[in-house]
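One letter stands for each residue in the lines below.
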Amino acid sequence: MRKIFIWVGISLGVSLVIAFVALSVMAGGPKDALYMVRYALPHMHRGNLKVGDSAPDARIYALDGAETFHIRGRTGAKPLVVVFGSFT
Amino acid sequence: MEIFNDYKDHADFLTVYVREAHPTDEWQMKSNLKDDVCYAQPRNLSDRLAIANDFIKRFKYPLPFGVDDMTNAANDAYAAWPERLYIIDENGKIAYRGGMGPFHYNPAEVRAWLATRYGEVKHSAVKTEEKKS
């Protein structure tokens, strides 16, 4: 029984190391891999939206910070192409 | 931006600025240093607006623009982070949902959708070469 636990432990450890190495290669280094797990993964989510769903609404600020508008307020007459992103 | 110029008579465009992807106090990339795009994750709306305005100024960005509020409502509703493209049709339905950036962020798919509807916009080889130079 003890041997089984040891082998399971070793297998898990090796799997974790392999996963971390693969992530490091993908992210560009071990530091990037760690930061990806710490900072990026909590914000990466596939979401539930699919083609055909009603587009959600959200309030958005204009660049002056004083005026606001809604994403859905921009839809209607023509299709709306929405580009989400940031500078960094 | 070429897609915007080609189809702005047929479709509306909106850029929504969301939380930073690679701020200095989180996962900063080497490319951020190289390109001098170094900002901490904004903790309030005015910081986020300041960075967005820097972006507009640096690239003379012509698309209509809005900034997500600090609850990240738009980001969460559209699973936008770090970058994603959508098309919402005239009935308010999702007509196109792009993959999560950077690897699955594909403006060519947006162009293809618009081309199917409104026709392809071709650019002459001469114009393309002029732009490249």
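Residues numbered from 1 in each chain as written. Chains lettered and ligands numbered in written order. Predicted model: local features only at pLDDT ≥ 70, side-chain atom pairs only at ≥ 80, totals over all residues.

A. Molecular detail of the overall build of chain B. Helix and strand content of chain B: six helices and four strands. Moving toward the C terminus, one meets the helices and strands of chain B in the order α-β-α-α-β-α-β-β-α-α. Summarising its shape, the C-alpha atoms of chain B cover approximately 45 × 40 × 25 Å along the three principal directions. Here chain B holds 133 residues, and 30% of them are scored as buried. Partitioning the intrachain contacts of chain B with sequence separation of at least 6 by distance along the chain shows that 40% fall at a separation of at least 24. (Helix = DSSP H or I, 4+ residues; strand = E, 2+ residues; numbered from the N terminus. Buried ≥ 20, exposed ≤ 12 C-beta atoms within 10 Å, placed from the backbone. Contact = placed C-beta atoms within 7 Å.)

B. Representation of the interface of chain A and chain B. Contact residues are listed per partner, giving 42 residues for chain A and 58 residues for chain B. For the side of chain A that touches chain B, the secondary-structure elements that each account for two or more residues are α2 (30–40), β1 (59–61) and β3 (80–85) of chain A. Looking at the side of chain A that touches chain B element by element, the count peaks at six residues for β3 of chain A. Considering only residue class, the side of chain A that touches chain B consists of 24 nonpolar, 11 polar and seven charged. Relative to strand β2 (residues 65–68) of chain B, β1 of chain A runs antiparallel, the two being bridged by two bridges. (Nonpolar A, V, L, I, M, F, W, Y, C, P; charged D, E, K, R; others polar. Pairing = 2+ DSSP bridges.)

C. Summary view of the environment of S24 of chain A. All names here are of chain A. As for its placement among the helices and strands, S24 is situated in helix α1 (residues 2–27). What makes S24 partly exposed here is the crowd of 16 C-beta atoms within 10 Å. Sequence separation of S24 and L34 is 10 residues, and the distance between their C-alpha atoms is 8.1 Å.

D. Quick peek at the pairing of strand β4 (residues 94–97) of chain B. Inspection of the sheet shows strand β3 (residues 84–88) of chain B paired to β4 of chain B by three bridges, in the antiparallel sense. Bridging across to β4 of chain B, Y86 of chain B finds its partner in R97 of chain B.

E. Structural view of the pairing of strand β1 (residues 12–17) of chain B. Counting buried positions along β1 of chain B gives five out of six residues, so the element sits mostly inside the fold. Of the pairings in the sheet, the one linking β3 of chain A to β1 of chain B comprises six bridges and is parallel in character. Counted as the bridge partner of V81 of chain A is F13 of chain B from β1 of chain B. Of the pairings in the sheet, the one linking β1 of chain B to β2 of chain B comprises three bridges and is parallel in character. If you follow V16 of chain B over to β2 of chain B, its bridge partner there is G66 of chain B.

F. Local environment of the packing of α1 of chain A against α2 of chain A. Residue and element names in this part refer to chain A. Across the interface, α1 lies against α2 with an axial gap of 7 Å and an inter-helix angle of 100°. Relative to α2, the element α1 lies roughly perpendicular. Taking contact as the criterion, the partners of F20, L23, S24 and A27 in α1 are, on α2, P30, D32, A33 and M36. Here the contact of α1 with α2 is composed, by residue class, of six nonpolar, one polar and one charged. (Axes fitted to C-alpha atoms, helices over the stretch in contact; angles between N-to-C directions. Parallel < 35°, antiparallel > 145°, perpendicular 65-115°, else oblique.)

G. View of the confidence of the model for chain B. Residue and element names in this part refer to chain B. Residues at a pLDDT of 70 or more form 93% of chain B, whose mean pLDDT is 90. Taken together, the stretch residues 129–133 has pLDDT below 50 and engages in zero contacts with residues farther than four places along the chain or on a different chain. This complex was scored by the predictor with a pTM of 0.84 and an ipTM of 0.89. (pLDDT = per-residue confidence, 0-100.)

H. Region of the structure containing the nonpolar core. Formed by 36 residues in total, the largest nonpolar core has its most connected members in V81 and V82 of chain A together with V16 and A74 of chain B. In terms of residue count, β3 of chain A provides more of this core than any other element does, five residues in total. Among all residues touching A74 of chain B, those that are not within four sequence positions of it are A58, I60 and I71 of chain A together with V16, V18, D68 and A80 of chain B. (Core = buried A, V, L, I, M, F, W, Y, C linked by C-beta atoms within 7 Å.)

I. Up close: the sheet that holds β2 of chain B. Pairing within the open sheet is mixed, and its seven strands lie in the order β2(A)-β1(A)-β2(B)-β1(B)-β3(A)-β3(B)-β4(B). In the strand order of this sheet, the two ends are held by β2 (68–70) of chain A together with β4 of chain B, each with one partner. Each strand of the sheet is rotated relative to its neighbour by a mean of 30°, with strand direction disregarded. When β3 of chain A meets β3 of chain B, the two strands line up antiparallel, connected through five bridges. Looking at β3 of chain B, one finds that V81 of chain A is bridged to I87 of chain B. Seen against the sheet, helix α3 (residues 45–59) of chain B touches β1 of chain A together with β1 and β2 of chain B and runs at an angle of roughly 150° to β2 of chain B.

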